Structures are given as C-alpha cells and as structure tokens.
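Inside the fold
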Amino acid sequence: MPIVLLVTLLLVPVAAVVGRRGARAASVLALWPAAVTGWLALELRAAHGGAPRTDLVRWAPTLGLELSFRLDGLSGLFALLVAGIGAGVVLYAGYDFDGHPHAGRFQATLFLFMAAMLGVVVADDVYALFVFWELTGFSSYLLVGFDHDRAEARRSALQALIVTGAGGLCLLAAGVLLHQAAGTASLSGLLERGAAIRASGAFPAIVVLVLLAAFTKSAQFPFHFWLPDAMAAPTPASAYLHSATMVKAGVYLIARTTPVLGGGALWTGLVLGAGGLTAAMAAALALRETDMKRVLAFSTVAALGAIVFLLGLGTPAAIAAALAYLVAHASYKGTLFLVAGVIDHATHTRDVTALSGLRRAMPKTALAGALGAASMAGLPLLVGFVGKEMAYEAALAQPIAPVALAALLVVASALMGVAGLIVGWGPFTGHRRSHPEAHDPAFGLWLPPLALAAFGLVAGVAPSLLGPTLSLAASAASGRPANLDLAVFHGFGVPLALSAATIAATVGVYAGRARVRAALAPVATDTGRLYRAALAALDGISERIAPPLQSARLASYILVFVVTSGALAAWSLRGKGIAEGAIYTPPRGLEIAVAITILVAAFTASRARRTMVAVLSLGTVGYAVALLFLLFGAPDLAMTQFAVETLTAVILVYVFWQFPAVDQSSPARKKIRDAIVAVAFGGVMTMLALESSTETTSRRLGEFFAAKSPTEAHGRNIVNVILVDFRALDTLGEITVLTMAAIGVSALVRIGAEERAARRRRAATPEPPTASTSAPADPAPPATTSQEPSS
Amino acid sequence: VSSPILRTAARVLIPLLHLFAVYLFLRGHDAPGGGFVAGLVTSVAFVLLMFSDGVAVARRAALVRPRFLLGAGLLTALGTAIVPVVRGDPLLTSYWVTVPTTSVALGTPILFDLGVALVVVGVALTMIFPMAEE
C-alpha cells in the first residue's frame, strides 16, 4: 500500500509536466489507476477469508509514530472505487482538457486527490486518517476553484473547504478522544476495544464529533449546501470527487466506526435522522434544477442520505444494502456526470430545458446515458435494481416502523430516478430542436461513461460477481461475518412490489416534470444562509479583535511578544532560589570591556534620534555579543552571530533608507513603560541564564552529546552534529520557516514596489475628471509599514 | 555607492569569502563551521559583489534565482529525511560510509547540511536583492 500511495503521489509532478505538453498524452497515466484496480482485485481475492493485508512504515519509532495501512474488505471496496473510477476520469479529463492551458495542473490535482483518497480508506491510524482526510478536502478546494478567474468558483471552493475542513477538525478531536479512551490510535486496535470506548465518559462527544465529520464530508443536512455549489468544478472533478468518491468518505467513516460507536440511541437517532431527511429533501430539490450538474448534485446528496440512512438502520442486512447501493450509485452517477460533461462539451450548454433529441447525433453517449438513467431508476438487470431491492428488504426487516422506513426509501428513490431520467434520458429523446453541430466526441470522452454504464449492466445481470467483495466489506463494517448471496431475482414479494411501484412513480413524475419544477420553484432552499450568517458574525468579531492586536506598529508587536515570553519564562522560574549553585567565575578584563561596550551601545541605540544611528548602535551590540560568545568558548555561535549581524545591518540600512528622517522620540510616559519592560525582561533572561547553568539535566545532555557525537555521528563538533543529525528534525522545521519568511518578505517588497510605482504614475498624470459627482482622486492608500504618529 | 577602492577590494575578497565558506562547510562536522555559517558567508560574498558592482551583476553571478536555491535546499534536506523511510528505516536515519584506506567518513548529514546552506543563501538573497533593487 505505501508504494501504491507513493507512486500516485509521484505522478502528481509527472502529470503536471506531461499535461503541459498535451492533455491527451496525460491520458496514458490512466494506466496507473487501472493497474491499481487490478492489483486491489487480486489482493481482495487472496484476502477472502484470510487476514487483511497490513503494511507498516516506521516513521519515528522512538516517538511511537508509525504509518500503518490496512486493506480489509471495507477499505478494499472503497479503494476499488477510487482507483477504478479514477482510471476512467483521468482518461476522460485528458480529452476534455485537450488544448486547455492548465491541463497539467488539473491532472496533477486529480492524482493528488487520488493519493489522498486512497490514503483515507487504507489508513489504519486516526491521525493518518485525519491528514489524508484533510488532503482530500484541500485537493477538492483546488478543483472546485479551478476556474479561479470566476468569483463564483472561488466562493464555492472556499465554502466547500470551510465546511468540510471544520468537519475535519471534528475528526481530529474525535481521534484524540478515541486515542485517550482506548489507549491506541490504530483503527484496528480501536475496533478491538469497543467496550472500553463505550464505557468512557467522552463517548457521547466522540459519537457527535465523528458524525459531524461524516455529515460535513458527505453533505448531509444541514451541511449539504456546499455540494451543489461545488459543481463549479470541471465536470471530471465533479464526477470523481463530488459524486463517486470523496463525498463517500463520510459514509466510509460511519461504516468504519459502526462496530465501535454504532447501535446507541444517540448514534442511531442522528444517523437515521440526518440520512432520512437529506434523502427525501434533496431528492425533491433535484427536480427544481435545470442545470444538469446541479440536478445530479442534489440527487447525489439524496443518494448519500439514503446510504447514511441505511447505515443508521444498523442491521447486517442494512449495512450490506448500503454498500451495494454505494457501488451502484458510483456506477450510474459517474456515468451520468460524464454524460453531462460530454453533452456540455458538444453543445456548450447544460440546461436540460434547451436540450432534446440528441440520440442520433450522439448514439454512444445516448446509450451510456440511457443505461445510467435506467440503472438509477432501478430497472431490473441493472446494478441500481440490485442495490434498491436490498435496501427495501433491509428496511422491511426492521423491528420498528418498517413500513414508514421503506416508504421513505421508495419516495426518495422514485424522485432520484426522475433526476436520473432528466439527465440521462431527456436530452436524447424527443425532437431535435437545436445544436445541429453536436456529435459523439473522441473515444477518450465516450469510453469512460460507457464503461461505467457497462459495469452497471454486467453487475446487474450477474450480481453474484459483486458478492465476495461486498461480503468482505459488509463483514468489516458490521463486525459480523457476512456471506451475501446476490441474485437478480429475489422472488415475488414486497420488495419486488416496491421496486415496481418506484419505477411507476418515477415514470409518472418524469412525465409531469415541468409542472413539478414549476411547483417547486418558489420553495426557499437557501440553506447556505446559516453558513453565510456564521461567516459574517466571525468577520464582525475579527473586526473588533484585530485592530488592537494588528496595530501595524512594530513597537506594539514587540511589546506584546516581550511581555508574553518574559512572563512565561518568569513563571517557569517560580519557586526556585535565586541562582543557587550557579557557576561563578570572576570576570576577566576583556569581558568587562565587552560588557561596557554592549551597555554603551544599547544605551545609544535607545536614545538615538536618527534611525541610522540606532541601526549602527544595534549592530555594535550584536558584534559585541558575538565577541562575548567567542570569549566563553562558543566559536560556532560567534561566527554565526557575526555573519547574521552583517547581513542584518545591510537589510536594515536598505529598509530605513526608504523612510524619511522622522523624530523617533516618544512621550515620557511611553519611555518609562518601555524602560520598565526592558529591564524586567533583561532580569528574567539573566535569571534564566543563571538557572540553566545550574540545571543538572543540561549538563547530562552535554555529556551525552560529547560522548555520542564522535562514535555515533562521526563528528567532533557537537553543535553541528546536533544541528544536522541528533536534532535534524528541528533544523528541517527551521529552514522551512526561514523559507516561508523569505517568500513573505520578497512578496511584501514586490507589493510595496508596485504600490509606489502606481502612486508615481498617478502623481505624474493627474486623474481626469470622470463625473461631476466623483470625489477627488483618493490619496495614496495608507501603507501598512509606515510609522503612524504615536497617540 | 561604488568606488574604485571597494571594487578592487571586492575582487580580492569575494573569491576568498567563497573559499572560506567551502572550508567552513567541509570542516563543520569536526570543528567550528557548518552549513549555516557557510551559507551566511556565501551570502555576505554576494552582498559585497552587490555593493561593488550592483544588483544586476550579483544576480547574474548567483547563476540561479534565489527562489530556486530555497526550493533546492529544502528538497535536498527533505530528501535525506525521506529516503530512509523508503528504505524501511525511521525518518532522518543517517547513513555513513568510510572512504577506504582513510579515516574520512562520508554521510547523509553532509547532504542535509548542504540543504541548510542552500536555504540560508536563498533566504538572504531572496530578501536582499529585491530590497536593493528598490
């Protein structure tokens, strides 16, 4: 598994480069997910009945950090979807983005997502799960906002990121609580310690947090609003992320944690409630839309609701039905999304009211669309029928209110079926009114939807092919061994009658779809209002908090920083005797001279009225401190300090060169405050230095490094060995921070240069008067770096 | 700000500074020095060239854009961190070989240190060059 993930990640830059040369060439990369699909199928066949495949990557074993991956039935089922549909989507995207200037970027992001999503389903550690989970949300953000020139796309991308990101944080919190309750962070370990978790006081919090994560990701009410808006993404991304795979991560999470968390009243109530409500509501709303992608998005939300609902029923039969439904949905919804994309590609519209009669012009696409729609409507001999039958059977077998549960599923299914017909049937039937130029596209565009549709047909005719995989997955999700016997014909009974009723209702509502649309149009469904209100409230709070903290005055930042760190250091020293047992050697003459230099230079810096004087005085302080390092036997530090001081002086001179010679003096009150803070901070630092020279642990550390450096790290310079070997992780973090700081500084300098250039241009050419009402050309915007007059 | 004296001094000093940086880098593991200081000294050499001959000349002398150094340095350091994981060892494991017939040991921490040095030069020049161009 780690190698599969690594190769997928390595394909990210490859896809970027190949895609830049030509989008179609990048289609070849579809061979990788196809190969992974084959490998997964073989692994799962081998694993049938045996122990699941596990892989362990030792990350930092001394810290107990390991990356573990586990491929059991449930993971395998989801991974198969991710890789299998991924192959189709990569092929499709290569042709869809032919000639697009950013085709490489798109393909690269698809592979990033693929790696992240595979990680989600095979991670066997709650923290790794969280990281991959957030990575899917991040790649979704990039894909939804792919057309970043459009404000709408940017807004939708941010909305999806915030909603699912908030859910991700809930997942992290749940992971920490689970780790504490069970004493292990491994998912397979958690499954074994269900009793301990259920007995812990944090159990209700864990349930709510896990479900919040799942509901936000899988677009369950009241968090569903982000998914229809996410249709701003290019169609292949919508088909892949926002229908077939990513939005099912929430379903995966629920299924994965059911053996541990499921069954209680809180869990069942929340899952059934959210799932049932989402299924019914979104299925109805789908009929309101005219944009094919939005129709499909709402029906996806509805299908996710139905799957979540089935998981909430909790019986092994219901869980198996949920998984069968999931596979069926991925097949027909993936088909229909890609069909919608092909139609969009050929006619440049996605409005179902403007499309009809395309069947002769686009026969291959029409075939895929018809198969997808029929499967979604639940016609026999298609995989949609299999999933639906199992769902009805599971609902009817419930001890409480079986009729109501089944009725809800029938209504939701019928409405979803109508949505499927609207996209997969409507555009191809009837009289051809427009788009004479439309024709079937290149094979890379019609093959993926047709292949997905064909899968639905094969799995519908011979559902027993799905049996072993679904059985493995269902037993992993329910915690009980399952052996599913899938058949085309379940015998005459209530489920079959319900299926027939569903199809009849579907056809009936489809015939009257125009009236239904008109009737639903006035329904207010702007459920994103809550989200926007929350964002506005947050903005309001920031507006109040930010100004005092973000004063744009360096002096006040330094004051806050010095006071905070000084107080923390003082707190850590509390209760310790003043420098008891500190090593004290009488000062030598040279040391006294250096100390006096430092004092004089520091005093000059604080009294300086001109910035240049202050800069040079501070430089003197720095050089003198470096000298002090040298005197106390720290040549490494001294050398670094000398070099840093030199470069800092250069930078400061450049910075202050720009500023006018302002009077730097502050009022007396401020001077006294600053003096008190400075002296107090200096005192604390002195105490800290004395204390650290007495601390026995620090001496033990010194002895450890002195002993181990030559033998274990082949170096006699302990400072350097610590930097590049013993504590290389710290160094890695530090150089990363340095890099970010450098990028930030260069960006600021560039922005400043652009603003100044713009101001010069404005000053050179006076603004022509535009209208009599216009205010005088606004003066230069206040630069954030300028020194404001002190209040 | 260029003067003949500065230019003449820079001609002599800059190669010496670069040599000194290499010296500091190589001896760093056993004696005072190392990638960080070496990077700083290299940056000082470029800043000196910038003073004497201007930013454009200094930029050309650096051969690559400072941003490239940032990326290259980080990737080098990251590479020495990740490669052990691929080989099944913990993150940041060091590998050493002793050059036959000598006591010189070569190890991956040297590469890591090189990454540090590249990042330091990159940081300094990314900050200073644009400022000087203003």
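Residues numbered from 1 in each chain as written. Chains lettered and ligands numbered in written order. Predicted model: local features only at pLDDT ≥ 70, side-chain atom pairs only at ≥ 80, totals over all residues. Heavy atoms only, no water.

Points about the overall build of chain B
Inclusion rule: Put simply, DSSP H or I for four residues or longer makes a helix, DSSP E for two residues or longer makes a strand, and each gets a number counted from the N terminus. Burial classes follow relative accessibility: with a 1.4 Å probe on protein chains only, a residue under 20% of its type's maximum area counts as buried, one over 50% as exposed, and anything between as partly exposed. Residue contacts are defined here by distance: any two heavy atoms, one from each residue, within 4.5 Å place the two residues in contact. Per-residue accessibility takes into account occlusion by the displayed protein chains alone, with areas from the Shrake-Rupley method and a 1.4 Å probe. When charges are counted, Lys and Arg contribute as positive and Asp and Glu as negative, whereas His and the chain ends are disregarded. Where a charge sits is defined by one atom per residue type, namely NZ (Lys), CZ (Arg), CG (Asp) or CD (Glu).
Broken down by element type, chain B carries 5 helices and 2 strands. Ordered by position in the sequence, the α and β elements of chain B form the string α-α-α-α-β-β-α. With 134 residues in all, chain B has 46% of them scored as buried. Of all intrachain contacts in chain B linking residues separated by at least 6 positions in sequence, the fraction that spans at least 24 positions is 61%. Of the roughly 6,500 Å² of accessible surface on chain B, 73% is carried by carbon and sulfur atoms. Across chain B, the mean location of the 8 positive side-chain charges is 8 Å away from that of the 6 negative side-chain charges.

Thoughts on the overall build of chain A
In terms of helices and strands, chain A carries 32 helices and 2 strands. Taken along the three principal axes of its C-alpha coordinates, chain A extends 105 × 75 × 50 Å. Looking at chain A residue by residue over its 791 residues, the buried ones come to 47%. A sequence separation of at least 24 residues applies to 77% of the contacts in chain A between residues at least 6 apart. Total accessible area computed for chain A in this model is approximately 36,600 Å², and 68% of it derives from carbon and sulfur atoms. When the 56 basic and 44 acidic side-chain charges of chain A are each reduced to a single mean position, those positions are 4 Å apart.

Describing the environment of A:Asp725
With respect to the helices and strands, the residue A:Asp725 is situated in helix α31 (residues 718-726). Discounting chain neighbours no more than four positions away, the residues touching A:Asp725 are A:Ala713, B:Ser94, B:Trp96 and B:Pro109.

Observations concerning the interface of chain B and chain A
Spelled out, the test is: Summed over both partners, the accessible area (1.4 Å probe) lost when two parts come together is defined as the buried area. Criterion for a salt bridge: a side-chain nitrogen of Lys or Arg within 4 Å of a carboxyl oxygen of Asp or Glu. A 3.5 Å cut-off defines polar contacts: any pair of N or O atoms within that distance qualifies, except that in protein one atom must be a possible hydrogen donor and the other a possible acceptor, and neighbouring residues in sequence count only when both atoms are side-chain atoms.
Facing the 47 residues of chain B at the interface are 44 residues of chain A. Surface buried jointly by chain B and chain A totals about 4,000 Å² across both partners, of which 76% is contributed by carbon and sulfur atoms. On the chain B side of the interface with chain A, the three residues burying the most area are B:His29, B:Met131 and B:Glu134, jointly 16% of the side's total. At the junction of chain B and chain A, the tally comes to 1 salt bridge. Where A:Arg716 meets B:Asp30, a salt bridge forms, and the shortest distance between an N and an O atom there is 4.0 Å. Applying the counting rule to chain B against chain A returns 9 residue pairs in polar contact (both at pLDDT 80 or more).

Regarding the packing of aromatic side chains
Residues and elements named next belong to chain A. Quick reminder of the rule: Two rings from Phe, Tyr or Trp (for Trp, the six-membered ring) form a pair when their centres sit within 6.5 Å of each other. Planes less than 30 degrees apart are called stacked, planes more than 60 degrees apart edge-to-face, and all others tilted.
Enumeration according to the criterion identifies 12 aromatic pairs over all chains in this entry. Here Phe-78 and Tyr-252 contribute two aromatic rings whose centre-to-centre distance is 5.2 Å and whose plane-to-plane angle is 75°, an arrangement assigned as edge-to-face. One end of the pair, Phe-78, is in helix α4 (residues 73-96); the other, Tyr-252, is in helix α13 (residues 249-261), with 174 residues separating them in the sequence. Across this residue pair, the class does not change: Phe-78 and Tyr-252 are buried. Ring plane angle 80° and centroid distance 5.7 Å describe the contact between Tyr-95 and Phe-443, whose orientation is recorded as edge-to-face. With Tyr-95 in helix α4 and Phe-443 in helix α20 (residues 443-461), the pair connects residues that are 348 residues apart, well separated along the chain. Taken together through their ring pairs, the aromatic side chains of Phe-97, Phe-106 and Phe-146 make up a single cluster.

Looking at the pattern of salt bridges
For the structure shown, the criterion picks out 20 salt bridges over all chains. By sharing partners, the salt bridges in this structure join A:Glu152, A:Arg155, A:Asp229, A:Arg288, A:Glu289 and A:Arg294 into a single network.

A look at unusual backbone geometry
All names here are of chain A. Geometrically, the link from Phe-221 to Pro-222 is a cis peptide bond, its omega value of 5° lying close to zero. By secondary structure assignment, the location of Pro-222 is in the loop between α10 (203-217) and α11 (226-229). Non-glycine residue Ala-219 carries a positive phi angle of around 55°. Of note, Ala-219 is situated in the loop between α10 and α11. In this structure, His-348 is a non-glycine residue whose phi angle is positive, near 60°. Inspection of the secondary structure puts His-348 in the loop between α16 (316-347) and α17 (363-377). We classify His-348 as exposed; its relative accessible area is 65%.

Re helix α29 (residues 668-694) of chain A
To keep things clear, this is the line we draw: Here the expected span of a helix is defined as 1.5 Å times the quantity of residues minus one.
Helix length check: α29(A), at 27 residues, gives a terminal C-alpha distance of 39 Å against a target of 39 Å (1.5 Å per residue), a fit within 8%. Three or more residues of α29(A) are buried, namely A:Lys670, A:Val677, A:Val684, A:Glu691 and A:Thr694.

Quick notes on the confidence of the model for chain A
Rules: You can read pLDDT as the predictor saying how much it trusts each residue, on a scale of 0 to 100.
Of all residues in chain A, 93% attain a pLDDT of 70 or more, and the chain-wide mean is 86. Per-residue pLDDT, averaged within each element of chain A, yields its smallest value for helix α30 (residues 696-713) of chain A (78) and its largest for α10(A) (95).

Notes on the packing of α17(A) against α20(A)
Residues and elements named next belong to chain A. Counted only if it meets this: Axes, fitted as lines to C-alpha atoms, cover a helix only where it is in contact. Angles between the N-to-C directions of the axes lie from 0 to 180 degrees. Crossings are sorted by hand: turned counterclockwise from the far helix by less than a right angle, the near helix makes the crossing left-handed, and turned clockwise it makes it right-handed. Side-chain classes follow a simple rule in which Ala, Val, Leu, Ile, Met, Phe, Trp, Tyr, Cys and Pro form the nonpolar group, Asp, Glu, Lys and Arg form the charged group, and the remainder, Gly included, forms the polar group.
The geometry of α17 relative to α20 is characterised by a closest axis approach of 9 Å and an angle of 35° between their N-to-C directions. Two packed elements cross with a definite hand, and for α17 against α20 that hand is left-handed. Contacts between α17 and α20 involve Lys-364, Leu-367, Ala-368 and Leu-371 from the first element and Trp-446, Pro-449, Leu-450, Ala-453 and Leu-457 from the second. Taken together, the residues of the contact of α17 with α20 sort by class into 8 nonpolar, no polar and 1 charged.

Details of the packing of helix α28 (residues 635-657) of chain A against helix α5 (residues 108-133) of chain B
The following threshold applies: Should an angle fall under 35 degrees it is called roughly parallel, over 145 degrees roughly antiparallel, and 65 to 115 degrees roughly perpendicular, with every other angle called oblique.
The geometry of α28(A) relative to α5(B) is characterised by a closest axis approach of 10 Å and an angle of 30° between their N-to-C directions. What the angle tells us is that α28(A) and α5(B) run roughly parallel. At the point where α28(A) passes α5(B), the crossing takes the left-handed sense. Contacts from A:Leu647, A:Val650, A:Ile651, A:Tyr654 and A:Val655 of α28(A) reach α5(B) at B:Ala124, B:Met127, B:Ile128, B:Met131 and B:Ala132. Along the lines of polarity and charge, the residues of the contact of α28(A) with α5(B) split into 10 nonpolar, no polar and no charged.

Thoughts on a nonpolar patch on the surface
Note the threshold: In this analysis, a patch consists of residues with relative accessible area above 30% that form no salt bridge, clustered at 9 Å for like charges and at 5 Å for the nonpolar side chains Val, Leu, Ile, Met, Phe, Trp and Tyr.
On the surface, a cluster of nonpolar side chains totalling about 550 Å² of accessible area is made up of A:Leu6, A:Leu10, B:Leu75, B:Leu78, B:Ile82 and B:Val86. Contributions of two or more residues to the nonpolar patch are made by α1 (2-21) of chain A together with α4 (66-86) of chain B. Sort the elements by how many residues they give to the nonpolar patch and α4(B) lands first, with 4 residues. With respect to the element layout, A:Leu10 can be found in helix α1.

Comments concerning the side chain of A:Glu43
Residue and element names in this part refer to chain A. Inspection of the secondary structure assignment puts Glu-43 in helix α3 (residues 31-47). Of the polar contacts made by the side chain of Glu-43, one reaches the side chain of Arg-53; its length is 3.1 Å. Ignoring any residue separated from it by four or fewer positions in sequence, one finds Glu-43 in contact with Arg-53 and Leu-71.

Describing the environment of A:His224
Inspection of the secondary structure puts A:His224 in the loop between α10 and α11. Spatially, the C-alpha atoms of A:His224 and A:Val458 are 32 Å apart, while their sequence positions differ by 234 residues.

Structural notes on the environment of B:Thr76
All names here are of chain B. Tracing the backbone through its elements, the reader meets Thr-76 in helix α4. Assessed through its relative accessible area of 23%, Thr-76 is described here as partly exposed. With 36 residues separating them along the chain, Thr-76 and Phe-112 place their C-alpha atoms 6.5 Å apart. Beyond its immediate chain neighbours, meaning those up to four positions away, Thr-76 contacts Leu-111, Gly-115 and Leu-118.

A look at the side chain of A:Asp725
Buried A:Asp725, no salt bridge; nearest opposite-charge side chain is A:Arg727, N-O distance 11 Å. Among the polar contacts listed, one links the side chain of A:Asp725 to the side chain of B:Ser94, at a separation of 3.0 Å.

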